[in-house]
Protein chains: 2
Amino acid sequence: MSLIVQKFGGSSVADAEGIKRVAKRVVDTHAAGNEVVVVVSAMGDSTDELLDLAGQITTLNNAREMDMLLSAGERISMALLAMAINQLGGSAQSFTGSQAGMITDAIHGKARIIDVSPHRIKTAIERGDIAIVAGFQGVSQDSHDITTLGRGGSDTTAVALAAALEADVCEIYTDVDGVYTADPRVVSSAQKIEKISSEEMLELAASGAKILHLRCVEYARRFGVPLHVRSSFSSHEGTWVLPSPDDKIKIQEGEPLEQPIISGVAHDRSEAKVTVVGVPDIPGKAAEIFGIVAGANSNIDMIVQNVSTQGSGRTDISFTLPIIDGKEAIDALNAAKAEVGFDSIDYDEQIGKLSLIGAGMRSNPGVSHRFFEALHHAGVNIDMISTSEIRISVVTSAKLLDSAVRAVHAAFGLDGDSEATVYGGTGR
Amino acid sequence: MSLIVQKFGGSSVADAEGIKRVAKRVVDTHAAGNEVVVVVSAMGDSTDELLDLAGQITTLNNAREMDMLLSAGERISMALLAMAINQLGGSAQSFTGSQAGMITDAIHGKARIIDVSPHRIKTAIERGDIAIVAGFQGVSQDSHDITTLGRGGSDTTAVALAAALEADVCEIYTDVDGVYTADPRVVSSAQKIEKISSEEMLELAASGAKILHLRCVEYARRFGVPLHVRSSFSSHEGTWVLPSPDDKIKIQEGEPLEQPIISGVAHDRSEAKVTVVGVPDIPGKAAEIFGIVAGANSNIDMIVQNVSTQGSGRTDISFTLPIIDGKEAIDALNAAKAEVGFDSIDYDEQIGKLSLIGAGMRSNPGVSHRFFEALHHAGVNIDMISTSEIRISVVTSAKLLDSAVRAVHAAFGLDGDSEATVYGGTGR
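Predicted model only: the values in this text are computed from it and were never measured. (Residues numbered from 1 in each chain as written. Chains lettered and ligands numbered in written order. Predicted model: local features only at pLDDT ≥ 70, side-chain atom pairs only at ≥ 80, totals over all residues. Heavy atoms only, no water.)

(A) Fine view of the pairing of strand 6 (residues 130-134) of chain B. Residues and elements named next belong to chain B. Counting buried residues in strand 6 gives 5 out of 5 residues, a clear majority hidden from the surface. With burial as the criterion, each face of strand 6 is covered, one bearing Ile130, Ile132 and Ala134 and the other bearing Ala131 and Val133. By the bridge criterion, 4 bridges tie strand 2 (residues 35-40) to strand 6 in an arrangement that is parallel. Paired with valine 40 across the two strands is alanine 134, which belongs to strand 6. As defined by bridge partners, strand 3 (residues 92-95) adjoins strand 6 across 4 bridges and the pair is classed as parallel. Its bridge partner lying in strand 6, serine 94 is registered against isoleucine 132. (Buried < 20%, exposed > 50% of the residue type's maximum accessible area, 1.4 Å probe, protein only. Helix = DSSP H or I, 4+ residues; strand = E, 2+ residues; numbered from the N terminus. Pairing = 2+ DSSP bridges.)

(B) How the structure looks around the pattern of salt bridges. Inspection of the entire model under this criterion finds 36 salt bridges over all chains. Of the charged contacts in the structure, one is a salt bridge between lysine 285 of chain B and glutamate 288 of chain B, with a shortest N-O distance of 3.1 Å. Taken together, the residues lysine 285 of chain B and glutamate 288 of chain B, both in helix 9 (residues 285-295) and 3 residues apart, mark about one turn of the helix. With a shortest N-O distance of 3.6 Å, arginine 314 of chain B and aspartate 343 of chain B are connected by a salt bridge. Of this pair, arginine 314 of chain B sits in strand 16 (residues 314-322) while aspartate 343 of chain B sits in the loop between helix 11 (337-340) and strand 17 (344-348); the two residues are 29 residues apart in sequence, bridging distant segments of the chain. With relative accessibility at 42%, the residue aspartate 343 of chain B sits in the partly exposed group. Through salt bridges with shared partners, a single network forms among Arg64, Glu65 and Asp145 of chain A together with Arg120 of chain B. (Salt bridge = Lys/Arg side-chain N within 4 Å of Asp/Glu carboxyl O.)

(C) Local environment of the nonpolar core. The biggest cluster of nonpolar side chains holds 72 residues, and the ones touching the most others in it are Leu80 and Ile132 of chain A together with Leu80 and Ile132 of chain B. Once residues within four sequence positions are removed from consideration, isoleucine 132 of chain B is found in contact with Val38, Val40, Met78, Leu81, Ala82, Ile85, Ala92, Gln93, Ser94 and Phe95 of chain B. (Core = buried A, V, L, I, M, F, W, Y, C linked by side-chain atoms within 4.5 Å. Contact = heavy atoms within 4.5 Å.)

(D) Structural context of helix 1 (residues 16-31) of chain A. Residue and element names in this part refer to chain A. A rise of 1.5 Å per residue sets the reference length of helix 1, with its 16 residues, at 22 Å; its end C-alpha atoms lie 22 Å apart and thus fit the reference within 8%. When helix 1 is considered as a whole, its buried residues turn out to be Ala16, Gly18, Ile19, Val22, Ala23, Arg25, Val26, Val27 and Thr29. Glycine 33 sits one or two positions beyond helix 1 and adopts a positive phi of about 100°. (Expected span 1.5 Å × (residues − 1).)

(E) The arrangement of the interface of chain A and chain B in detail. Each side of the interface is counted separately: chain A has 41 residues, and chain B has 41 residues. Note on chain A versus chain B: buried area summed over both sides is about 3,500 Å², and carbon and sulfur give 60% of it. It is Ile57, Arg75 and Met83 of chain A that lose the most area in chain A upon contact with chain B, and together they represent 22% of the buried surface on that side. Connecting chain A to chain B are 2 salt bridges. Close ionic contact of aspartate 145 of chain B with arginine 120 of chain A constitutes a salt bridge, the shortest N to O distance being 2.6 Å. Counting residues per element, the ones that place at least two in the side of chain A that touches chain B are helix 1, helix 2 (46-57), helix 3 (63-70), helix 4 (72-87) and strand 3 (92-95) of chain A. Sort the elements by how many residues they give to the side of chain A that touches chain B and helix 4 of chain A lands first, with 11 residues. Its residues placed into classes, the side of chain A that touches chain B shows 22 nonpolar, 13 polar and 6 charged. (Buried area = accessible area lost by both parts, 1.4 Å probe. Nonpolar A, V, L, I, M, F, W, Y, C, P; charged D, E, K, R; others polar.)

(F) Broad picture of the domain arrangement of chain A. Structurally, chain A comprises domain 1 (3-174) and domain 2 (256-428). For domain 1 of chain A and domain 2 of chain A, the distance between their C-alpha centroids amounts to 35 Å. (Domains from an automatic or database assignment.)

(G) Local environment of the side chain of threonine 156 of chain A. Topologically, threonine 156 of chain A is positioned in helix 6 (residues 153-164). For threonine 156 of chain A, the contacting residues outside a window of four places in its chain are Ile113, Arg215, Cys216 and Tyr219 of chain A.

(H) Just the packing of aromatic side chains, in detail. Residue and element names in this part refer to chain B. Using the criterion set out here, one finds 8 aromatic pairs over all chains in the structure. Where phenylalanine 8 meets tyrosine 173, the ring centres are 4.5 Å apart and the plane angle is 15°; that geometry is what we call stacked. Placement of phenylalanine 8 in strand 1 (residues 3-8) and of tyrosine 173 in strand 9 (residues 169-174) is noted, with a sequence separation of 165 residues between them. You can call tyrosine 173 buried: its relative accessible area is 2%. On the numbers, 5.1 Å between centres and 75° between planes, the contact of phenylalanine 371 with phenylalanine 372 is edge-to-face. (Phe/Tyr/Trp six-rings, centres within 6.5 Å; stacked < 30°, edge-to-face > 60°.)

(I) Local environment of the sheet that holds strand 3 of chain B. All names here are of chain B. Spatially, 8 strands are ordered 3-6-2-1-9-11-12-10 in an open sheet, and the strand pairing comes out mixed. The open sheet has two edge strands, strand 3 and strand 10 (195-197), and neither has a second partner. In this sheet, adjacent strand axes meet at a mean angle of 20° when their direction is disregarded. Against the sheet, helix 1 (residues 16-31) contacts strand 1, strand 2, strand 6, strand 9 and strand 11 (227-231), and its axis sits at roughly 175° relative to strand 1. The sheet strands contacting helix 4 (residues 72-87) are strand 2, strand 3 and strand 6, and the helix crosses strand 6 at an angle near 165°. (Axes fitted to C-alpha atoms, helices over the stretch in contact; angles between N-to-C directions.)

(J) Quick peek at the sheet that holds strand 8 (residues 146-148) of chain B. Residue and element names in this part refer to chain B. What the 4 strands build is an open sheet, ordered 5-4-7-8; its pairing is mixed. Bordering the open sheet on either side are strand 5 (113-116) and strand 8, each of which pairs with just one other strand. Sheet twist, expressed as the mean angle between neighbouring strand axes with direction ignored, is 45°.

What follows is the structure, encoded as structure tokens:
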């Protein structure tokens, strides 16, 4: 008997029919002899409707009340799902984040889980019941207020519960078949990945692949939770995200977990490039600049410091950050212009980032050569480069990004024979 | 400085505009130097929408999950109301039934409050904040499950909180100006009652007046909470429901709280009359019959046992009960027909109950004479009679009920000079 945590996003439970379909799958999993815990998001567009109502009422940021408001969404979907399961002859009980023991800090809107105490969930599954848990929400440790976990929060709830319950697998149901070697909307020959290490998945998610949120993968990796990303509309195997090569889950009995050299290509159009021109070339200036940007709550991604022009005593520093953080960061830098002593700022949103990810590149020195050759042949300029042990990322102009992705995907033999189904993503 | 509990029903917070209007009133009350606790119901039709969704999913009675589902409604309205108050420069925090310390038994769908521990509410108002509390919901003492209080539950929440907080008054906002001497849809000259004892209000509510639920008035009376029933659409004084004549609240300084002889006339079309014909006239048979009806979860209201026909050894027993309980009670009686030994059952839904209520009738022996004379002159037959110290009720045929109400209302000088605004009611 396995303990399986299943997570269903808002698009899977968008209406009564969707809820019944999910209920059927949950009941079937339970009937197959498994213990089942289900994590569910709010129904379809219901979160947007609540946000719209709030927008009609206030222009202020009411973080505590916004969390109270939004947490209503999962109560509705989870209670309805429990009813649908009971209707099919199952025995289900729903639990709020608080009842499920999802203890968080008090940072409303993007709370972090600090403890999971799922006593009531354990009792329910030991009794043979199916436990339904509200995704995305928790309760703050000290103030006992309702909190929400921010984007991707339901995935994080599922993985955190799976870790605390020592589940055999955490299944993330979505509207696509799994994780692909590239975004199928850009590369029609992209293939579904059968298995990938959580290390690589982490790099993919951080590089713009939207199917799993970074935070959920980080959590799964840290606590050794095997993830299975699959479609709620089919029974096909999806993509297994495995914490380590010696993990207890095997795709097929006896099959060794061998790594392909390259797992996939990710791209990201959500960042902008900032260049601070004419920075005095003296120690501490880079730290000063990044301190100002961090103070404006912006996350810097890639950084390039140009070589100082001989004798000028000045240099340029370029970095990328999320477009949504751009204005605040630029304002903060301009406010400190005299103090830092730079000449001007260039800001460019027309950039794209392409990343090649694969644990195999550690032991294959030819990877970067083939990568840059493919970009060169495709006529793609390169603005910035950054690398990790298992990733190479480049920044190029936005309009060349799609052809760059296709060129790299083909150069590493990732193209499949059949057209991929179209890629989507869930917000919560 | 007074501590005021204000309760707003679903029709007052049906949309963003309604929520803003309520917020304005709350902020004004607070700005006038009062401590304010607000109890709020779910928005307008939102409860019906949730019930409709549940109806698409299940035919079973999922009481626990239904409570989880319905309790989402108040989370939405209370969070939005808190935001609207903050937008006006107030400082508000919303609290679920559980956070507000509404501890109930575990009877889902109609839980009873067994303890109120509003520590968080006290802390909030001592800090100068406005506390918004979810009406209608609580948490069960032993199982820590979400419960709802059933019809009129938000009124009960408000009164229970007012009692626990030792509030100076509990204001019940509704869509009419107050309690009337009769239903203005039937008696256009009905007048608003300025003040009424909770004892009389209890009899009015039990006799069919829908403006306040019996349970809320019972609670207010037991804990000595003064109620002020008023309109959320005007600033007029409404009706004060005062626990005892020596209550600390006075309508006007120096005015003695004198009772009019009669407070009002109530009517009720929600009951049916059952006559069990040919019951053996031996001790214990009535108890046996009422035991069967109670076992079918029906609440018996009025009872008449006819005089036994000389020598027959048999008698008829008539009683009234809610129409919605009728079928179950009749089925239960028929199942026990042989055992009880009666001949047949008559069942009549075409009845109406009229009640005259007034604490003054205790010391005015002429009241019942004038009452029956008025009914006689109006040509109204009388099927059944029951009385309490401060109430006379009769059952008549449904089609004569309206004219009976008008005749009695006029006979006791309750008619006013102006037309009353039309009477309504709230469900939650």
